[in-house]
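One letter stands for each residue in the lines below.
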Amino acid sequence: MVYQLTDELSVYANYIEGLVKGDIAPASSGGVAVVNAGEALEPYVSEQTEVGIKYDGGSLGGSLALFTTERPFSTVENGVSPTAVNSATAASSCRCSVSRPTACACSAA
């Protein structure tokens, strides 16, 4: 979205989402073997927002922008509830996507 304040000055805002390939479960986590090592975790959505201002004075111009990109990262969690992982790994420690707790890499408890 762009709004032109004057002939030379505009402000804008932007939002975009992207589908990103899931990580691969590591071979170990904290020195403990991961049960589903090498398996691809579920894809996740990354989000980017941006706001800015642009100046175009003919022979002189410029812009200033602020933006942020959010991408879920995997974390190691102990005591994951059985609803967060499949029943074969419910008693395990799991490396789960922060935004998608069903995408886990689990190690034997």
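Throughout, a residue's number is its position along its own chain's written sequence, starting from 1. In view of the model being predicted, local features appear only for residues whose pLDDT reaches at least 70, and side-chain atom pairs are presented and counted only at 80 or more, with totals across whole chains, interfaces and linings using the full set of residues. Based on all heavy atoms of the structure, the side-chain values leave hydrogens and waters out of the count.

Visitor: With reference to specific residues and values, describe the packing of aromatic side chains.
Guide: Pairing of aromatic side chains requires ring centres within 6.5 Å, counting the rings of Phe and Tyr and the six-membered ring of Trp. Pairs whose planes differ by under 30 degrees are stacked, by over 60 edge-to-face, and all others tilted. Scanning the entire structure with this criterion turns up zero aromatic pairs. Only when the NZ atom of a Lys or the CZ atom of an Arg is both within 6 Å of the ring centre and within 35 degrees of the ring normal do we say a charge sits over the ring. Note that Lys54 overlies the ring of Tyr12, its terminal NZ or CZ placed 5.2 Å from the centroid.

Visitor: So what about the environment of Glu47? Which residues, and what values?
Guide: Within the secondary structure, Glu47 is located in strand β5 (residues 44-56). Along the chain, Glu47 and Tyr15 lie 32 residues apart, while their C-alpha atoms are 7.4 Å from each other. In protein, a polar contact requires one atom able to donate a hydrogen and another able to accept it; more generally it is a pair of N or O atoms within 3.5 Å, and residues adjacent in sequence count only if both atoms are side-chain atoms. In this structure the side chain of Glu47 is engaged in a polar contact, spanning 3.3 Å, whose partner is the side chain of Tyr15. By the criteria applied, helices consist of DSSP H or I runs no shorter than four residues and strands consist of E runs no shorter than two, each listed in order from the N terminus.

Visitor: How would you explain the confidence of the model for the protein chain if you had to name every residue and give the values?
Guide: Should pLDDT be low for a region, the predicted coordinates there are not to be read in detail. Known as pLDDT, the predictor's confidence for each residue is given on a scale from 0 to 100. When pLDDT is averaged along the protein chain, the result is 74, and 66% of the positions lie at 70 or above. Contacts between residues were defined by any pair of non-hydrogen atoms, one from each residue, lying within 4.5 Å. Taken together, the stretch residues 76-93 has pLDDT below 50 and engages in 31 contacts with residues farther than four places along the chain or on a different chain. When the criterion is pLDDT under 50, residues 97-103 qualifies, and its contacts beyond four places in sequence or with other chains add up to 19 contacts.

Visitor: Can you explain the side chain of Glu50? Please cite residues and give values.
Guide: Within the secondary structure, Glu50 is located in strand β5. No salt bridge is formed by the buried Glu50, whose closest oppositely charged neighbour, Lys54, lies at an N-O distance of 7.3 Å. At 3.0 Å, the side chain of Glu50 and the side chain of Tyr12 are in polar contact. In contact with Glu50, not counting residues within four places along its chain, are Tyr12, Ala13, Asn14, Ala65, Leu66 and Phe67. Three exposure classes are used, based on accessible area relative to the maximum for each residue type with a 1.4 Å probe and protein chains only: buried under 20%, partly exposed in between, and exposed over 50%. Under the convention used here, Asp and Glu are negative, Lys and Arg are positive, and both His and the chain ends fall outside the count. Note on definitions: salt bridges are taken to be side-chain nitrogens of Lys or Arg within 4 Å of carboxyl oxygens of Asp or Glu.

Visitor: Tell me what's going on with the sheet that holds strand β2 (residues 9-20), and back it up with residues and numbers.
Guide: One bridge is not enough; two strands pair if DSSP finds at least two bridges between them. The antiparallel open sheet is built from four strands, whose spatial order is β1-β2-β5-β6. Lying at the two open borders of the sheet, with one neighbouring strand each, are β1 (2-4) and β6 (61-70). For this sheet, the mean angle separating the axes of adjacent strands, direction not counted, is 10 degrees. Orientation is described by lines fitted to C-alpha atoms, with helices fitted over the stretch in contact, and by angles between N-to-C directions that extend from 0 to 180 degrees.

Visitor: For the pairing of β2, give the residues involved together with the corresponding values.
Guide: Pairing of β1 with β2, which is carried by three bridges, proceeds in the antiparallel orientation. Counterpart to Gln4 in the pairing with β2 is Ser10. Following β1, the chain reverses through four residues before pairing antiparallel with β2. Pairing between β2 and β5: twelve bridges, direction antiparallel. In the sheet register, Ala13 faces β5, and the bridge partner there is Val51.

Visitor: Residue-level account of the environment of Lys54, with values.
Guide: Of note, Lys54 is situated in strand β5. Look at Lys54 and you get partly exposed, because its relative accessible area is 44%. The sequence separation of Lys54 and Ser10 amounts to 44 residues, and the corresponding C-alpha distance is 5.2 Å. Residues within four places of Lys54 in sequence aside, it is in contact with Glu8, Leu9, Ser10, Tyr12, Gly62 and Ser63.

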